[in-house]
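# Coordinate inspection notes
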Amino acid sequence: MNKLTEQRLRRKIRQIIRESHIFEEREYELRQLSPGAFNAIGPEILGIPPSAIADVKIIKAPKPIFKCFLDNGQTFNLIDNGEYMQADINRILFDLDRDDDLNGAKYELEKLMQKGKIAVDDEEAPSDEFGGEEPAAEEEPAEEPAPEEEV
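Residues numbered from 1 in each chain as written. Predicted model: local features only at pLDDT ≥ 70, side-chain atom pairs only at ≥ 80, totals over all residues. Heavy atoms only, no water.

Counting its regular elements, the protein chain contains three helices and five strands. For the protein chain, the α and β elements follow one another from N to C terminus as α-α-β-β-β-β-β-α. Looking at the 151 residues of the protein chain, the share that counts as buried comes to 28%. The long-range fraction of contacts in the protein chain, counting pairs at least 24 apart against all pairs at least 6 apart in sequence, stands at 31%. Surface exposure of the protein chain reaches about 12,400 Å², of which carbon and sulfur atoms provide 50%. (Helix = DSSP H or I, 4+ residues; strand = E, 2+ residues; numbered from the N terminus. Buried < 20%, exposed > 50% of the residue type's maximum accessible area, 1.4 Å probe, protein only. Contact = heavy atoms within 4.5 Å. Areas by Shrake-Rupley, 256 points an atom, 1.4 Å probe, with all protein chains shown as cover.)

Structure, rendered in structure tokens:
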């Protein structure tokens, strides 16, 4: 095997091992949440992959509120009411013990996860939906010629 290919293969194996270790650590950190919050985030209810959650903070309130930070910068709240969990996603409150609310929460969460996707290009020019011309670069307006005087 080529020496360069062997080195690349070793690096890739190390990267995969590190990523799987990070995933295991993230899974462990999420398990430290309340059982209701952990179940709500997990595959049983909302089905959010642990890699999509960047952080979870507990907000002090009469009811425990878990502010979940997604890896795309968006946030949503989980509210532990003791008997059932609620999700506050895009300022809409969902009871996670009701099927219709659960389906709505999954839909809003999917929209939230797609909302902050970063574009591949650094700057993406906005497209004109109506087929008009693109605005020209800013230039100083040319001075209008003075009217000629008749002699």
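Mapped onto the secondary structure, Phe38 falls in helix H2 (residues 35–41). For Phe38, a relative accessible area of 23% corresponds to the partly exposed category.

Looking now at the pairing of strand S1 (residues 53–59). Here S1 runs beside strand S2 (residues 65–70); their pairing, made up of six bridges, is antiparallel. Looking at the pairing, Ile59 lines up with Ile65 of S2. Linking S1 back to S2 in an antiparallel pair, the connection comprises five residues. (Pairing = 2+ DSSP bridges.)

Here we take up the pairing of strand S4 (residues 85–89). Where burial is concerned, most of S4 is hidden: four out of the five residues are buried. Pairing between strand S3 (residues 75–80) and S4: four bridges, direction antiparallel. Paired with Asp80 across the two strands is Met85, which belongs to S4. Counting the residues between successive antiparallel strands, the hairpin from S3 to S4 contains four residues, one of them, Gly82, with a positive phi of roughly 85°. Taken together, the four bridges between S4 and strand S5 (residues 92–95) define a ladder with antiparallel strand orientation. Residue pairing for S5: Gln86 is matched across the bridge by Asp95. A loop of two residues connects S4 with S5, the two strands running antiparallel in sequence, and Asn90 in this loop sits at a positive phi of about 55°.

Trans is the prevailing form of peptide bonds, just as negative phi is the prevailing case for residues other than glycine. Within the chain, Asn90 stands out as a residue other than glycine whose phi angle is a positive 55°. The residue Asn90 is located in the loop between S4 and S5 in this model. If you check the backbone angles, Arg91 has positive phi at about 65° while not being a glycine.

Below, the discussion takes up the nonpolar core. Counting residues in each nonpolar core, the largest one holds 25 residues, and the members touching the most others are Leu46, Phe76, Leu78 and Leu96. When contributions to this core are tallied by element, the ones reaching two or more residues are H2, S1, S2, S3, S4 and helix H3 (99–115). A per-element tally of this core places H3 first, with five residues. Beyond its immediate chain neighbours, meaning those up to four positions away, Leu96 contacts Ala40, Ile45, Leu46, Leu78, Met85, Gln86, Ala87, Leu102 and Ala105. (Core = buried A, V, L, I, M, F, W, Y, C linked by side-chain atoms within 4.5 Å.)

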